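# Architecture and fold: a report
One letter stands for each residue in the lines below.
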Amino acid sequence: MQTRTIDGSAIARELRVGLLKRVATLSASGIRPGLAVIRVGNHPASSVYVRNKIKACGEGGIYSQDLQLPDTTDESTLLGQIRILNNDPRIHGILVQLPLPSAFSAERVFETINPLKDVDGFHPTNVGLLATGHPRFVPCTPLGVMKLLEHERVDPEGRHAVVVGRSNIVGKPMALLLLQKSATVTICNSKTPDLGSMTREAEILVVAAGKPKLVTAAMVRPGAVVIDVGINRLADGKLAGDVDYESVLGTAARVTPVPGGVGPMTIAMLLENTIASAERALAANRAA
Ligand code: NAP
C-alpha cells in the first residue's frame, strides 16, 4: 500500500491564512486579539514551545505577552498574575505553560483562569462543556487532530477509532471529539494488556503516549489513518514521534510525520481559540 504523509505544516499554514482574515475583520471593529502566556521557571523545552507560540501570534496579528516568572515564584503569586490577566481587556486568551513546579496544584491554576479566556480548554467548565457536547474552548492538540482529519476528508462516523493515552490534555478530549463525530472509540492506557491487539482494530489510530516509536507496523491495521501526537527527544538530539514512522509506511493509508504533523496544528488552533475568544468578547460587548 502507498502511504500518504499528512503534511500538517502545509495544512496549518493554509488555516492561518483564513485566521488572518478574521483578525482583519476584528481589527476593523477596533479589537486586536490578545494572548498571554505565563510560565514558571526556565524549562528548556517549554521555552522553545513558548517562543514558537509568541512568534505565531506576531505573524497572525495577535497581541501577545510572554510572562516568565522566576522558579522561586509561589503558587499564590501565579494565581494573582492570572487574576490580573482575567481583568485585562487586551487579553482574550490566557495560557499557563506546562509543566508547572511539582508543588503547584494544576487544578487550582486552571480553575483560576477566567473560563471565557481559557484558550487551552483546561478549566473544569470548558472540560464539562466538551464532555456534554457543547464545546466552547477545546484543547488545541486534539482540536488540531480533528482539523487534520477534516482536511483529509476522513469522516470518523461509523469508524473504529483507537486513542492511545488518556491524559486530560490530549487523550481524553481526543476521545470525546471522535465520539462526538460518531466514531466507536477505544481508549488505551499504560495498563492496557496487549496494546497491539487494540491498535490493530483501529481504522483511525491516534497515539499520544509520550513513548518514542511505541507503535510499529505490526500494531497497525492495513489501510488505517495514523495520527502521531508524540514529541520525544531522543538521545542523539533528534525528535521522534510515538509511531515508528518508517515502519508503518506501506501499512497505514496515511500517517502524520514528527515533526511537521500535529505540532504545527496545535499552534494554529491556539491562534484560532484566541481569535474565537476575541470574537465572542466583541459580540458580548455589542449585546451589552
Ligand atoms: P502524558 O500526560 O504523559 O500521558 C501519556 C498517556 O499515555 C498516559 O495516559 C499513559 O497511560 C499513556 N501511555 C504511556 N505508555 C503507554 C503504553 N505503553 N501503552 C498505552 N498507553 C500508554 O502525555 P501527554 O501530555 O498526553 O502527551 C503525550 C505525547 O504527546 C507526548 O510525547 C507529548 O510531548 C506529546 N504532545 C504533543 C503535542 C503536539 O502539539 N504535537 C501537544 C501535547 C503533547 P497512564 O495514564 O496509564 O499513565
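What this report covers is the structure whose coordinates are included nearby. Everything numeric here is computed off the predicted structure, so don't read it as measured data.

## Some thoughts on the nonpolar core
In terms of nonpolar packing, the biggest core is built from 49 residues, with L35, V145, L149, L178, V206 and I227 touching the most fellow members. Broken down by element, the residue count for this core peaks at ten residues, all from helix α10 (residues 262-287). Non-local contacts of L178, meaning those with residues more than four positions away in its chain, are made with M146, L149, P156, A161, V163, A183, V185 and V206.

## Details of unusual backbone geometry
Leaving glycine out, the prevailing phi sign among residues is negative, and the prevailing peptide bond configuration is trans. With an omega dihedral of 0 degrees, the bond running from L98 to P99 counts as a cis peptide bond. The residue P99 is located in the loop between β4 (93-96) and α4 (106-112) in this model. Following V258, the chain continues to P259 via a peptide bond in cis, the omega torsion being 0 degrees. Relative to the assigned elements, P259 resides in the loop between β11 (254-255) and α10. Backbone geometry at S182 places phi at a positive 65 degrees, although glycine is not the residue there. Position of S182 among the secondary structure elements: in the loop between α7 (171-180) and β6 (184-188).

## Looking at the packing of aromatic side chains
Enumeration over the complete set of coordinates arrives at one aromatic pair. Against the face of F137 rests R280, its NZ or CZ located 4.6 Å from the ring centre.

## Some thoughts on the sheet that holds strand β1 (residues 4-5)
Here six strands make up an open sheet; going across it, the order is β1-β11-β8-β7-β5-β6 and the pairing parallel. Since the sheet does not close on itself, it has two edges, and those belong to β1 and β6, each with one partner. Both strand β5 (residues 160-164) and strand β7 (residues 204-207) contribute to a ladder of four bridges, which runs parallel. Residue pairing for β7: A161 is matched across the bridge by I204. This element, α7, spans β5, β6 and β7 of the sheet and lies at about 170 degrees to β5.

## Comments concerning the pairing of strand β8 (residues 225-228)
Here β8 shows two buried faces, one formed by V225 and I227 and the other by V226 and D228. With four bridges joining them, β7 and β8 adopt parallel strand pairing. Its bridge partner being in β8, V207 is matched across the sheet by D228. The pairing of β8 with β11 spans two bridges and is classified as parallel. Bridging from a neighbouring strand, V226 pairs with V255 of β11.

Definitions and limits used
Residues numbered from 1 in each chain as written. Predicted model: local features only at pLDDT ≥ 70, side-chain atom pairs only at ≥ 80, totals over all residues. Heavy atoms only, no water. Core = buried A, V, L, I, M, F, W, Y, C linked by side-chain atoms within 4.5 Å. Buried < 20%, exposed > 50% of the residue type's maximum accessible area, 1.4 Å probe, protein only. Helix = DSSP H or I, 4+ residues; strand = E, 2+ residues; numbered from the N terminus. Contact = heavy atoms within 4.5 Å. Phe/Tyr/Trp six-rings, centres within 6.5 Å; stacked < 30°, edge-to-face > 60°. Lys NZ or Arg CZ within 6 Å of the ring centre and 35° of its normal. Pairing = 2+ DSSP bridges. Axes fitted to C-alpha atoms, helices over the stretch in contact; angles between N-to-C directions.

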